[in-house]
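Coordinate inspection notes
Residue-level listing of the chains:
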Amino acid sequence: MIPYTVNIKLAARTLTGTLNLQNKTAVDWGWQGLIAQGCHTSILIIDPKTAQTIQVLERHKANVVKVKWSRENYHHSLSSPYSLRLASADAAGKIIVWDVVSGIAHCEIQEHTKPIQDMDWLWNQDASRDLLLAVHPPNYIVLWNGDTGTKLWKKSYAENILSFSFDPFDPANLALLTSEGIVFITDFSHSKPPGSSGKKVYIASPHSSPAHSKPTAIQPTGAKKALNKVKVLITNEKPTAEAVTLNDCLQLSYLPSKRSHMLLLYPREILILDLELSQTVGVVAIERSGVPFIQVIPCAQRDALYCLHENGCITLRVCRSTTPLAEEAVQELVYDLRAQCDAIRVTKTVRPYRAMLCPVNENRAALVVSDGRVMLWELKAHASKAAANPSTGLSPLYTPLDFCATPLAQNQKRIPDLSLNSMIAGQQEVQLRFILTGLLSGLPLPPFSLRMCPPLTTKNINHYQPLLAVGSSNGSVLVYNLTSGLLHKELSVHSCEVRGIEWVSLTSFLSFATSAPNNMGLVRNELQHVDLRTGRCFAFRGERGNDESAIEMIKVSHLKQYLVVVFRDKPLELWDVRTGTLLREMAKNFPTVTALEWSPSHNLKSLKKKQLAAREAMARQTTLSDAEQSSVESSVISLLQDAESKAETSQGISAREHFVFTDTDGQVYHITVEGNTVKDGARIPPDGSMGSIACIAWKGDTLVLGDVDGNLNFWDLKARLSRGFPTHRGWVKKIRFAPGKGNQKLLVMYTDGVDVWDTKEVQMVSSIRVGRNVTYRILDIDWCTSDKVVLASDDGCVRVLEMAMKSASYRMDEQDLTDPVWCPYLLLPRAALTLKAFLLLQPWSGTFTMDITQVDYSEKDEIKGLVQEQLNSLSKSPHLPSTDFILIPHSLLCPSLFGDESDLLFWTVTAHYLQSFAQARHTPQGHLDICHDTLCESSFFQRFQLERVHLQEVKRSSYEHTKKCADQLLLLGQTDRAVQLLLETSADNPSYYCDSLKACLVTTIPSSGPSQSTIKLVATNMIASGKLAEGVQLLCLIDKAADACRYLQTYGEWNRAAWLAKVRLNPAEASDVLKRWAEHLCSPQVNQKTKAILVLLSLGCFHKVGEMLHSMRYFDRAALFIEACLKYGVMEANEITNILSKLIGAAFADYARLLRSTGLREGSALWASRAGGAGEEILEELFQGEGSGPDIAPGEQEANSSPGAAD
């Protein structure tokens, strides 16, 4: 027998089932690594690594329509700790912001009473981390402070707003999808509502695209076809009535992988728009026989799309890499299908709802199905054969260099599957495939019948499991283990709805089901005995059961010896459970039973005493002399030996048990059963105050009767008293006593709710009512421990509640989970930071360790234990690199484990530029991906911009577009191509003369020198008179791009200036422009210091970055960054050593203090010793204060202040 550890205290929890249609969009995968999902009025928190539900939040009264995790885009410290914050919105317009670990609502927000259409946290979190934007129907957007619940501003628009999308490159841009088109807002700010009503664009019908058009006589080939595919899709005028088919636009979202691109999703196609041109540059269309889209998720790390189709299949499409201006120029962006997962079986009730993507690694997806299933898919890469089938025409996908920037060896098979960007990039060809790594399934459709297994006693404590059997409408019985809340077994027992379950031991139960009645009113009864250990299941009543009256109820006696089966129009049957034999079928004139209950009293104890006496007698008999022996009656002994042998065959002795039942007149009958004899006992006449009795419960000396009119009658059998109590709640459906000796609590179920009564005091303890404090109807009830009840409700959930029946969320850290969950957010703020430092500073004293007890860590043992649990769950993870740690990849791994957005971005950029500046003497490797925008190397950025203009040129369809392309080409220095475009202007165009002159100007400039001063004068005058773009163009023509950048910056066009510097200036000039931009970003009114640091990193100003990090009090990041710079040797070269050593000393000393405050004394001593003079006093304090508790770091308060407060 496997020893069980018994957790006697069960946590309150909710087992959920099928979803409501309104829950369709309520799902989100956060940076914290957890999935939140709305199910009716509750919210499930799921851990995707172990596929377990670890929290259920209940407070909403209406269905949940949206959930959103807060972003982790800020530096974490004691004053701004790692915390699990989630916003959820319901169909009644209420938004709740949760602290998920404790299950407590931070604040509640209510503006209108209509369902919230969309909401999201602001991603730029330098200024404040708790701003939440929500769309309140029909046409308001409101900015809330998610920590306090205060409204910052509210703005209304002319049309109904369906959803919105933030521009991931510029926090001031926001696009609203409305019922008529798209509204672009360019002045979004948290301090005041947008001033203008935005730029409206209408979408002409996408039906002009070939996915719908009739086939023409001659099909054009490749390039032509692509050109015809989409004429103008975006217009500024309102389309005519018949063209308005916008309502089938399912989704709008910015592409996080490249700036100012957006995707629009239609059921049969995805359009990629370039917003600079307002023109479609790519289409992903589905052929006629294909399965339509429901949703698409664009990736950030690579230009790839995860698409969800109506059959539940998730496909990954990756953008074909554009060859730089080759002979056969690219005609449009093409997204090739690279991987797809299996579809699900779609029925009327089972259809896919939503997919989501892990935002940290972008290589795991989850699919939510309407029946409550969550399927977890992971994308795996494997090296492909040298010649992938060339006929497919797909260009090969390449992986990058290995994680630590060393190429894969020849014999190395495995490619690091760390994240999407490490799977697809430059070096080795790969193929991708989806693997199902987890599945969560919910309860089936209601109605349910519940029965908890027999209660915990001192005798069964060693092997007890708190199992709950749930009978479903499709005939299966699901057995849940309530310690973990996980499904223990699902057994397909019956062919129709399960009506009732009764346990006959801790591991076996009886369940019955009745089919629909035929025209005679007769049914097929199924009564099955199920053994859980083996799954064996047999028909308990043998061949009986066809064409007879329906079973109303089954009742098993207290000692699990006998079973009564009550029928609707047929006398009851009495069975022996142990042998499976029918003891008695009652006579035809037997009264009709309305309610029945077994008595808890029996004579087992006295029988056991007799048995014991007999054993002693037998023992004596073997030692006594022959004379005395004959005095013991031999007949008694033979009887007892018979009883002994029976006991050995576990049949045991048949004790006497009683049951009572009532007939239709309310008369109470008393019947005794012993062995196979059945005796009729006393009859008690009906109580005049009671109606027809519907149910009976009996415990100890208390008998309770409930009737169809809502009266309860309490009988005290010892004192022979009865008390009636009218509840005025209608039919009493069920009454059950709580388990446990002397526990006289009673659970009562009515059609409209449930009460708990104390029968000693005869008074109500707690009550829930449909419509008053809950929205769901109760279908069945039971006790699961002496102080917890379990309720099945018609919203498809089964809830385990405290006796007070307040549906409450539980604390996540009190849960008993089967698999350990890696989630540092569950730790106390300080412990989470300790854990992070412990991982970052590997190897400790020269060795790699995952055991926190091996380092000097002063902290309470229970917290130490929790930290160690997290480390244990992590060491099982396949993503930990080998023991040879290198600082940089390690600093990258830790934030991806923690889901720390700002750390991840910082270290990605740092890693790249440290290597590229360190290797400037050698050949630089790789480049940052274009999702980093202006942080990329100039050469790569320039190439990308040229490709983009080229694509725009192919796609242009009006004079406006051509003009924009010519302008871009001039700025990029592509004068010849620009001249061609300018000369295309037709003679009847008002700008014909202007454009022709411009063309002449552009071609003559290189030849004449003196013209330069004139042009410069004209340009400055133009800029002064408000024609900024034109002036900048002229300056670029005469190679004065540096001046152009300065003018752009003066007029506040910072992004445009940075763009121009990247594409036109030499490194020194560009560096000046970008440094000015960094200063601007640091200014208090802009407050984007983190962005400024990244800009400085890309310029190689490492010393300045170190100073800034230290001045911003990011002590851990500053110290590790300076350490990395010293390792790569990029800091000491041209710095004045004095200033540098001062910075190093200060940064290392502050980090040592921070480590001491988290309790890591060994680490603290190490960094203090490297800080030179600044660290000496810390070392002294450390060695004086041996054994004193951990102190507080400089400038940090303990985190009892609210974790969400603004920095």
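My aim in this report is to walk through the structure given alongside it, one point at a time. (Residues numbered from 1 in each chain as written. Predicted model: local features only at pLDDT ≥ 70, side-chain atom pairs only at ≥ 80, totals over all residues. Heavy atoms only, no water.)

**A word on the sheet that holds strand 49 (residues 702-707)**
Going by this rule: Two strands are counted as paired when DSSP detects at least two bridges linking them. Helix and strand definitions here come from DSSP, where helices need a minimum of 4 consecutive H or I residues and strands a minimum of 2 consecutive E residues; each element is numbered from the N-terminal end. What counts as an axis is a line fitted to C-alpha atoms, over the stretch in contact for a helix, and the angles between N-to-C directions run from 0 to 180 degrees.
Taken in spatial order, the four strands make up an open sheet running 48-49-50-51, and their pairing is antiparallel. The strands lining the two open edges of the sheet, one partner per strand, are strand 48 (693-699) and strand 51 (721-726). Ignoring strand direction, the axes of neighbouring strands in this sheet form an average angle of 15°. Two strands pair when backbone bridges link them, and strand 49 and strand 50 (residues 711-716) are joined in this way by five bridges, in the antiparallel orientation. Residue pairing for strand 50: Gly 706 is matched across the bridge by Leu 712.

**Details of the pattern of salt bridges**
The following threshold applies: For this document, the term salt bridge refers to a Lys or Arg side-chain nitrogen within 4 Å of an Asp or Glu carboxyl oxygen. Accessibility here uses a 1.4 Å probe with only protein chains present; expressed as a share of the type maximum, an area under 20% marks a residue as buried, one over 50% as exposed, and anything in between as partly exposed.
In total, this model carries 54 salt bridges according to the counting rule given. Across the pair Asp 130 and Arg 85 runs a salt bridge whose closest N-O atoms are separated by 3.9 Å. Of this pair, Asp 130 sits in the loop between strand 10 (118-121) and strand 11 (131-136) while Arg 85 sits in strand 7 (residues 85-90); the two residues are 45 residues apart in sequence, bridging distant segments of the chain. Like Arg 85, Asp 130 is buried. The salt bridge involving Asp 903 is made with Lys 836; its shortest N-O contact spans 2.8 Å. With Asp 903 in helix 9 (residues 901-918) and Lys 836 in helix 6 (residues 829-840), this residue pair connects regions lying 67 residues apart in the sequence. Exposure remark for Asp 903: the relative accessible area of 6% places this residue in the buried category. When salt bridges that share partners are traced, they join Arg 541, Arg 544, Glu 548, Lys 570, Glu 573 and Glu 585 into one network.

**So, helix 20 (residues 1102-1111)**
Here is the rule we go by: Whether two residues are in contact is decided by their heavy atoms: any pair within 4.5 Å suffices.
For helix 20, a buried count of seven out of ten residues is recorded, marking the element as mostly surrounded by other parts of the structure. Buried residues of helix 20: Phe 1102, His 1103, Val 1105, Gly 1106, Met 1108, Leu 1109 and His 1110, and no others. Where helix 20 is buried, its residues contact helix 9, helix 18 (1067-1082), helix 19 (1089-1099), helix 21 (1115-1128) and helix 22 (1137-1158). Arg 1113 sits one or two positions beyond helix 20 and adopts a positive phi of about 65°.

**Topic: the nonpolar core**
Applicable threshold: To define a nonpolar core, start from buried Ala, Val, Leu, Ile, Met, Phe, Trp, Tyr and Cys residues and group those joined through side-chain atoms within 4.5 Å.
In terms of nonpolar packing, the biggest core is built from 165 residues, with Ile 45, Leu 84, Leu 86, Leu 1060 and Phe 1121 touching the most fellow members. The greatest single-element share of this core, amounting to ten residues, is contributed by helix 22.

**A short note on unusual backbone geometry**
In the segment running from Pro 137 into Pro 138, the intervening peptide bond is cis, with an omega of -5°. Examined against the element boundaries, Pro 138 turns out to sit in the loop between strand 11 and strand 12 (140-145). Omega for the peptide link from Pro 446 to Pro 447 comes to 5°, which places this bond in the cis form. One non-glycine residue, Ala 51, adopts positive backbone phi at about 55°. With respect to the helices and strands, Ala 51 occurs in the loop between strand 4 (42-47) and strand 5 (52-58). A positive phi angle, near 55°, is found at Asn 1087, a position not held by glycine. Tracing the backbone through its elements, the reader meets Asn 1087 in the loop between helix 18 and helix 19.

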